[in-house]
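Fold and contact review
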Amino acid sequence: MAKTKLLIVTHEMSPFLELTKISEITRQLPQAMQDKGFEIRILMPRFGNINERRNRLHEVIRLSGMNIIIDDNDNPLIIKVASIPAARMQVYFLDNEDYFQRKYVFRDKEDKFYADNDERTIFFCKGALETVKKLGWAPDIVHCHGWMTSLVPAYIKTSYKNDPTFKNAKVVYSIYENCFTEKLHADLHKKAVMNAMTLEDTKVFENADCNTLHIGAITYSDAVVLANENIDSNVLKFVKDSNKPTLAYNLTDDFENFYALYEEISDEELVSIA
């Protein structure tokens, strides 16, 4: 039987970038699934405070060279790769001089939220999917972790819904409480529109605050993980009302509950085909 292909999309991962609990889960989960026989790919941004020399990042020439269009501007996408110490897994890093080569992640040295965090998010989400296409690797499950990945479910279910790489993929979105109190740019939902999409497809992201990003991602996902105990009540209500398969906050040692969730949504596909 073919291995289940699991794509992890995240903005942080240990040991490369450790900001919140997300970095621990995105390090341990793919390892656990690989041990269960899954085939893994991991994508994250190459933020400027990730040390390339220490982590042995190097450019993947065959994947680099694409341009990601945002608001009619071409933004070069550079792909780098590194191996995870003590594991047989590789992490692909998405880099761009304007968006990611800074000393800080989401806020400047004065703790001010970057004004272009909306475009950085769009660039990362679009770039992640284009990178996977270029890899020629069609995931069975795409698991998105945190608000910076929130546009990925929308893109997969609209612009990429008929693309051979993603048309059969099931999307899981993990909600974390570590977020931001500001709003992204008011035009986020307009800038986020891409091929074969309309403003109606991104309308759910219009308010551009953290809860809105979560709700937008949930709208387009096949399953949801409540990855923290302290998630906003409005978001929790939206999850409940969605009636989508949901994994409550509970990390087992071997991530058996995640495995069961992946199996559940994969079986739904088999049932629908039958």
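Residues numbered from 1 in each chain as written. Predicted model: local features only at pLDDT ≥ 70, side-chain atom pairs only at ≥ 80, totals over all residues. Heavy atoms only, no water.

Quick note on the threshold: UniProt positions are given in the numbering used here, feature names are shortened, and annotations may be inferred rather than shown by experiment.
If you check an unreviewed UniProt entry, the protein chain appears there as starch synthase from Pedobacter steynii. Here the protein chain is described in UniProt, under the heading Catalytic activity (unreviewed entry), as follows: "[(1->4)-alpha-D-glucosyl](n) + ADP-alpha-D-glucose = [(1->4)-alpha-D-glucosyl](n+1) + ADP + H(+)".

1. Quick look at the UniProt feature "domain: Starch synthase catalytic" (unreviewed entry) in the protein chain
Rules: Runs of H or I in DSSP of at least four residues are treated as helices and runs of E of at least two as strands, each being numbered from the N terminus.
Feature annotation in UniProt assigns "domain: Starch synthase catalytic" (unreviewed entry) to the following positions: residues 5-232. Here residues 5-232 is 30% helix and 23% strand, with 31 Å between the C-alpha atoms at its ends.

2. Re the packing of aromatic side chains
In plain terms, the rule: Pairing of aromatic rings covers Phe, Tyr and Trp, the last through its six-membered ring, and needs centres within 6.5 Å; plane angles under 30 degrees mean stacked, over 60 mean edge-to-face, and all others mean tilted. Partly exposed describes any residue whose relative accessible area lies between the buried limit of under 20% and the exposed limit of over 50%, with all areas from a 1.4 Å probe on protein chains only and scaled to the type maximum.
Tallied over the entire structure, the rule returns twelve aromatic pairs. Each ring, one from Phe47 and one from Phe106, has its centre 5.6 Å from the other, and the planes form 80°; the classification is edge-to-face. Taken together, the residues span a long stretch of sequence, with Phe47 in the loop between strand E2 (39-45) and helix H2 (52-55) and Phe106 in the loop between helix H3 (97-100) and helix H4 (117-135) at a distance of 59 residues. Judged by its relative accessible area of 0%, Phe47 falls in the buried class.

3. A word on H4
Rule in force here: Expected helix span is computed as 1.5 Å times (number of residues minus one).
With 19 residues, H4 extends 26 Å between its outermost C-alpha atoms, agreeing within 8% with the 27 Å of an ideal straight helix rising 1.5 Å per residue. Among the 19 residues that make up H4, 16 are buried, leaving the element largely enclosed by the rest of the structure. At the exit of H4 stands Gly136, carrying a positive phi of roughly 70°.

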